[in-house]
Amino acid sequence: MCNSKAAKAAPTVAEKKELPSLADLRACIPKHCFERNPLTGLYYIARDGVVITLLGLLAWQLPYENMPLWAYAAWGAYAFWQGTALTGWWVIAHECGHGAFSPSQNLNDFVGFILHTMLYVPYFSWQYSHAKHHSKTNHLLDGETHVPSTKKGFKAYKKVHDVIGDDAFAALQVVLHLLLGWPMYLLMNATGSRRLNKEFGNKRIPKGEVLDHFRPNSKLFPATWRFRVLLSSVGLVAWTAFLCYVASNIGAWRMSLMYFGPYLWVNSWLVLYTWLQHTEENIPHWGEKEWTWLKGAAIGTIDREYGIFDWFHHDIGSTHVCHHIFSKIPHYHAHEATRALKKKLGKLYNHNGEYWVKSMWRVAKTCHYVDGVDGQQFYQSAKHFKRD
């Protein structure tokens, strides 16, 4: 359904009826693809760990005081590639949250908690909100992360667009997404759901209400998750204490170069994937009456290739349709499962073969808002915004 030019084309009524059932989609995938082997998962953790260690050892040789110009470039390159490598651990921890690492959820949570905490991710807190993202994919009221702005809500941004122009606005979109998107989501649920969960009446989020990922009493979570949210935050405090100890021994500046530069790139990668996996001019979002779980998972998700970064990131971007339909399939079986799903879904399978950097720029220029939160909606661009 989706091509490199991303021509806008909504699924027709006939195509919706052609969407196979979940049982049919499961049946088309070889059974061994659903098998989760923790030893295989540990191998990939070790593989990523070797790359991370080697990059760290190389960086340890770099000057960090009175640095010549070449050293700034070297530290910049280290930050990018180490952040790229660490994102592999981030993806595996994300699989742990889904239960795709091992048949044992206790082992999943143990491994995922350690890996995500080292990357400043509140493991259990994000596990909950990310599960909501999967359960309400492309739902305009209850979706989680990168929920589109409405035309009404976009008016202020349109003023910015008018002042700085189309290209500068696209560049601003890229910077805001990749640099600030992740902390803003964790701190205030930016681009998250428009409604509170059922425990709080399924009502629109009141103005001034902060839904963060750190406080146990945040209304982002039901009461049953409060201890896990607390545990996540305590883990981050303990990790911060450890980093402070390291900084006291090697110096805050050197520790920042070794850790926080790569950390920013980890954040950029994870936001980039989430952004591009559900954002295109021809990828629909639905209001409450139109939305179904299977439409969101199958039609509301898109696969893209990321070149060498697919290897680093365990194909999280190139097998994402499969991941949304069957999130417990581990990454090392995802390509085989994707081939089966592609054949079964036919023209309903979303794939974009465009170079991912070009796709990012095009999405930043064309996907800014939807008209409203009812029916089937498609992204529109600020360039074509018409005031009421």
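Quick note: structure is the one above.
Let me sum up the structure you'll find in this document. This structure is a prediction, so every number in the text was calculated from the model and none was measured.

**Structural notes on helix H10 (residues 252-277)**
At step 1: Spanning 26 residues, H10 covers 36 Å between terminal C-alpha atoms, matching the ideal 38 Å at 1.5 Å per step.
At step 2: Taken across its 26 residues, H10 has 19 buried, putting it largely inside the fold.

**Regarding the state of the cysteines**
At step 1: Taken as a whole and assessed by the stated rule, the structure comprises 0 disulfides.
At step 2: You can see Cys96 has no disulfide; the closest cysteine sulfur is in Cys322, sitting 17 Å from it.

**Quick look at the packing of aromatic side chains**
Geometry of an aromatic ring pair is reported as the spacing of the ring centres plus the angle between the planes.
At step 1: If you walk through the whole model with that rule in mind, you get 38 aromatic pairs.
At step 2: Seen from their ring centres, Trp126 and Trp182 are 6.2 Å apart, and the 70° between their planes marks the pair as edge-to-face. Residue Trp126 is found in helix H6 (residues 123-135), and its partner Trp182 is found in helix H8 (residues 166-188); the two are separated by 56 residues along the sequence.
At step 3: Judged by centre distance (5.5 Å) and plane angle (45°), the rings of Trp269 and Trp356 are tilted. In this pair, Trp269 is assigned in helix H10 and Trp356 in helix H15 (residues 356-366), connecting sequence segments 87 residues apart.
At step 4: With a relative accessible area of 3%, Trp269 lands in the buried category.

**A word on the nonpolar core**
At step 1: By size, the foremost hydrophobic cluster in this structure holds 61 residues, and its most contacted members are Trp75, Trp90, Trp182 and Leu272.
At step 2: Put simply, the parts of the chain that give this core at least two residues each are helix H3 (38-60), helix H4 (69-98), helix H5 (105-118), H6, H8, H10, helix H12 (309-312) and H15.
At step 3: Tallying contributions element by element places H4 first for this core, with 12 residues.
At step 4: With residues up to four places along the chain from it excluded, the contact list for Trp182 reads Trp90, Val121, Trp126, His177, Asn267, Leu270 and Val271.

**Structural notes on the side chain of Thr274**
At step 1: Note on placement: Thr274 falls in helix H10.
At step 2: Taking relative accessible area as the criterion, Thr274 reaches 19% and is therefore assigned buried.
At step 3: Filtering out sequence-adjacent residues up to four positions away, Thr274 remains in contact with Thr145 and His146.

**Thoughts on the packing of H4 against H5**
Pairs of packed helices are described in terms of their axes, by the angle between the two and the distance that separates them.
At step 1: Two elements in contact, H4 and H5, have axes whose closest approach is 8 Å; the angle formed by their N-to-C orientations is 145°. The crossing of H4 and H5 is left-handed. Within the contact between the two elements, H4 uses Trp89, Trp90, Ile92, Ala93, His94, Cys96 and Gly97 and H5 uses Gln105, Asn108, Val111, Gly112, Leu115, His116 and Met118.
At step 2: When the residues that make up the contact of H4 with H5 are grouped by side-chain class, the tally is 8 nonpolar, 6 polar and no charged.

**Details of the environment of Thr292**
At step 1: Here Thr292 lies in the loop between strand E2 (285-286) and helix H11 (293-299).
At step 2: Measuring from C-alpha to C-alpha, the distance between Thr292 and Lys342 comes to 20 Å, with 50 residues separating the pair along the chain.
At step 3: Of the polar contacts made by the side chain of Thr292, one reaches the backbone nitrogen of Lys295; its length is 3.2 Å.

**Brief notes about the environment of Asp303**
At step 1: Looking at the secondary structure, you find Asp303 in strand E3 (residues 303-304).
At step 2: Taking the relative accessible area as the measure of exposure, Asp303 reaches 0% and is therefore buried.
At step 3: Spatially, the C-alpha atom of Asp303 lies 6.6 Å from that of Gln277, the residues being 26 residues apart in sequence.
At step 4: Those residues within four positions of Asp303 in sequence are excluded, and the remaining contacts are Gly317, Ser318, Thr319, His320, Val321, Thr338, Tyr349, Asn350, His351 and Asn352.
At step 5: A distance of 2.8 Å separates a polar side-chain atom of Asp303 from the backbone nitrogen of Val321.

**Here we look at the pattern of salt bridges**
Between side chains of opposite charge, a pair can form as their charged atoms come close.
At step 1: Applying the stated rule across the entire model yields 14 salt bridges.
At step 2: Here Asp167 and Lys365 are joined by a salt bridge, their closest N and O atoms 2.9 Å apart. Here Asp167 is found in helix H8, whereas its partner Lys365 is found in helix H15, with 198 residues between them in sequence.
At step 3: Under the relative-accessibility criterion, Lys365 is labelled partly exposed at 22%.
At step 4: Residues Arg362 and Glu354 are paired through a salt bridge, measuring 2.7 Å at the closest nitrogen-oxygen approach.
At step 5: The network of salt bridges with shared partners includes Glu280, Arg304, Glu354 and Arg362.

Rules behind the numbers
Residues numbered from 1 in each chain as written. Predicted model: local features only at pLDDT ≥ 70, side-chain atom pairs only at ≥ 80, totals over all residues. Heavy atoms only, no water. Helix = DSSP H or I, 4+ residues; strand = E, 2+ residues; numbered from the N terminus. Expected span 1.5 Å × (residues − 1). Buried < 20%, exposed > 50% of the residue type's maximum accessible area, 1.4 Å probe, protein only. Disulfide = S-S within 2.5 Å. Phe/Tyr/Trp six-rings, centres within 6.5 Å; stacked < 30°, edge-to-face > 60°. Core = buried A, V, L, I, M, F, W, Y, C linked by side-chain atoms within 4.5 Å. Contact = heavy atoms within 4.5 Å. Axes fitted to C-alpha atoms, helices over the stretch in contact; angles between N-to-C directions. Left-handed = near helix turned anticlockwise from the far one by under 90°. Nonpolar A, V, L, I, M, F, W, Y, C, P; charged D, E, K, R; others polar. Polar contact = N/O pair within 3.5 Å; in protein donor to acceptor, adjacent residues only side chain to side chain. Salt bridge = Lys/Arg side-chain N within 4 Å of Asp/Glu carboxyl O.

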